[in-house]
Each structure stands twice: as C-alpha cells, then as structure tokens.
Amino acid sequence: MSLQDWLNSGWLRQHTATRQEIADLFAIVARDIKDAGTPGMSADWRFGIAYNAALKLCTVLLHSAGYRPEKTLQHYRTIQALPLILGERWRNDAEYLDTCRRKRNVIEYDRAGDASDADAQELLAFVGDYRTAVIDWLKKTRPELL
C-alpha cells in the first residue's frame, strides 16, 4: 500500500506542513531526548518520553509528506507510515517502534515496571539515530521546512 491508498481508504487526510510546525515538533523531540536521559526517573517514564520523541519524528515525516492520520489508530498509522516514506529498509524499525508503542500503552495504562533501564536506553539511542535520518530526508525532499 501507499500513502495515497491510505488517503483513499480514509486513514489519512491531506495536510500542508509549515516550517513553524516542523520546528515546533523538533523542539518537542529535543525536550524529550533531554528529559528521557534524566537520571533518577523511572525506566517506565523515560521509556514513555523516548517513545514520544520517536512518535514526533514519525509525525514530522508524515506531515512533511503531506498527510496526517485520522482519529482512529493515530499512533499506529503514524508509525506504519515510516517505511512508506523513508523506504522499505525502515520496515524493521517501524516494527520496533510498534512494539514500543504497545509497551508504552501497558506502562501508561495497565501496570508499572514493564520497561527496563535497557529498554529506555535502547529506545533513546534509536531516537538519536532516527532524528538524523529524518533531518537528512527533509534536507533532500523538503528543505524549505527546515
């Protein structure tokens, strides 16, 4: 499937991203990267904050590609758009982020202690690398948004 197919299915709607919107999303990412590295905070909370940074990077991609998700399954669709935008080689990373999405839901709504320090650190490291990839993609495809 393509993003156009998703639009035709009603899963997305068209969106025109602005430079300010993208800057605001990157500011959230920067804040969350900093906060997720805060010592003394629970692993659950650091994991949730790192997840939010990853989700915002997915949002940057989707909005910059000209779309936003409809209300149902917003996080899921935003993450699943990753390989459709950056390429199929990102499929495993989208699956990893979807696993993180499910874990974040458990620690947010069901029980404490499900994320380990290693989980939080792994996701935070991923976010750092992913941020670089998103910026590189923007430089090549939508430089006016940077």
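Higher on the page you've got the structure.
Before going into details, it helps to say that this report is about the structure given with it. For clarity, every value in this text was computed on a predicted model and none was experimentally measured.

Digging into helix 3 (residues 43-64)
Now for step 1: A rise of 1.5 Å per residue sets the reference length of helix 3, with its 22 residues, at 32 Å; its end C-alpha atoms lie 31 Å apart and thus fit the reference within 8%.
Now for step 2: Here helix 3 lies mainly inside the structure; 20 of its 22 residues are buried.

Points about the pattern of salt bridges
Now for step 1: For the coordinates displayed, the defined rule picks out nine salt bridges.
Now for step 2: The residue Arg31 makes a salt bridge to Asp32 at a minimum N-O spacing of 2.8 Å.
Now for step 3: Between Glu144 and Arg142 there is a salt bridge, with the nearest N and O atoms lying 2.6 Å from each other.
Now for step 4: Its relative accessible area of 43% is what places Glu144 among the partly exposed residues.

Brief notes about the layout of surface pockets
Now for step 1: Considering only enclosed or pocket space, the largest pocket measures out at about 220 Å³ in volume.
Now for step 2: Around the largest pocket sit 15 residues that line it, and Trp45, Gly48, Ile49, Arg104 and Glu108 are the ones nearest its centre.
Now for step 3: Sorting the residues of the lining of the largest pocket by element identifies helix 2 (19-36), helix 3 and helix 6 (91-109) as the ones contributing at least two each.
Now for step 4: Take the lining of the largest pocket: its biggest share by element is eight residues, from helix 3.
Now for step 5: Each residue belonging to the lining of the largest pocket can be placed in one class, and the counts come to five nonpolar, four polar and six charged.

A closer look at unusual backbone geometry
Now for step 1: The residue Leu73 is not glycine, and still its phi comes out positive at about 60°.
Now for step 2: Inspection of the secondary structure puts Leu73 in the loop between strand 2 (67-69) and helix 4 (74-80).
Now for step 3: Its relative accessible area of 46% is what places Leu73 among the partly exposed residues.

Some thoughts on the side chain of Arg104
Now for step 1: Along the chain, Arg104 turns up in helix 6.
Now for step 2: With no salt bridge to any partner, buried Arg104 finds its closest opposite charge in Glu108, at an N-O distance of 4.5 Å.
Now for step 3: Those residues in contact with Arg104 that lie beyond four places of it in its chain are Phe47, Gly48, Tyr51, His75 and Tyr109.

Digging into the nonpolar core
Now for step 1: Ranked by internal contacts, the top residues of the largest apolar core, which has 46 residues, are Leu97, Leu123 and Tyr130.
Now for step 2: Where this core is concerned, the elements lending two or more residues are helix 1 (3-8), helix 2, helix 3, helix 5 (82-86), helix 6 and helix 7 (117-141).
Now for step 3: Of all the elements, helix 3 adds the most residues to this core, at twelve residues.
Now for step 4: Not counting chain neighbours up to four residues away, the residues in contact with Leu97 comprise Tyr51, Ala54, Cys58, Ile79, Leu82, Leu123, Phe126 and Tyr130.

Observations concerning the packing of helix 3 against helix 7
Now for step 1: The geometry of helix 3 relative to helix 7 is characterised by a closest axis approach of 9 Å and an angle of 15° between their N-to-C directions. Classed by the angle they form, the pair helix 3 and helix 7 counts as roughly parallel. Here helix 3 runs over helix 7; the crossing is left-handed. Across from Ala43, Arg46, Phe47, Ala50, Tyr51, Ala53, Ala54, Leu57, Cys58, Val60, Leu61 and Ser64 in helix 3, the residues of helix 7 making contact are Asp117, Asp119, Ala120, Gln121, Leu123, Leu124, Val127, Tyr130, Arg131, Val134, Trp137 and Leu138.

Thresholds applied
Residues numbered from 1 in each chain as written. Predicted model: local features only at pLDDT ≥ 70, side-chain atom pairs only at ≥ 80, totals over all residues. Heavy atoms only, no water. Helix = DSSP H or I, 4+ residues; strand = E, 2+ residues; numbered from the N terminus. Expected span 1.5 Å × (residues − 1). Buried < 20%, exposed > 50% of the residue type's maximum accessible area, 1.4 Å probe, protein only. Salt bridge = Lys/Arg side-chain N within 4 Å of Asp/Glu carboxyl O. 1 Å grid on protein atoms, 1.4 Å probe; cavity = no way out; pocket = protein on both sides within 12 Å on 5 of 7 lines; lining within 4 Å. Points joined across faces, edges and corners; volume = space filled by probe spheres on them. Nonpolar A, V, L, I, M, F, W, Y, C, P; charged D, E, K, R; others polar. Lys, Arg positive; Asp, Glu negative; His and termini not counted. Contact = heavy atoms within 4.5 Å. Core = buried A, V, L, I, M, F, W, Y, C linked by side-chain atoms within 4.5 Å. Axes fitted to C-alpha atoms, helices over the stretch in contact; angles between N-to-C directions. Parallel < 35°, antiparallel > 145°, perpendicular 65-115°, else oblique. Left-handed = near helix turned anticlockwise from the far one by under 90°.

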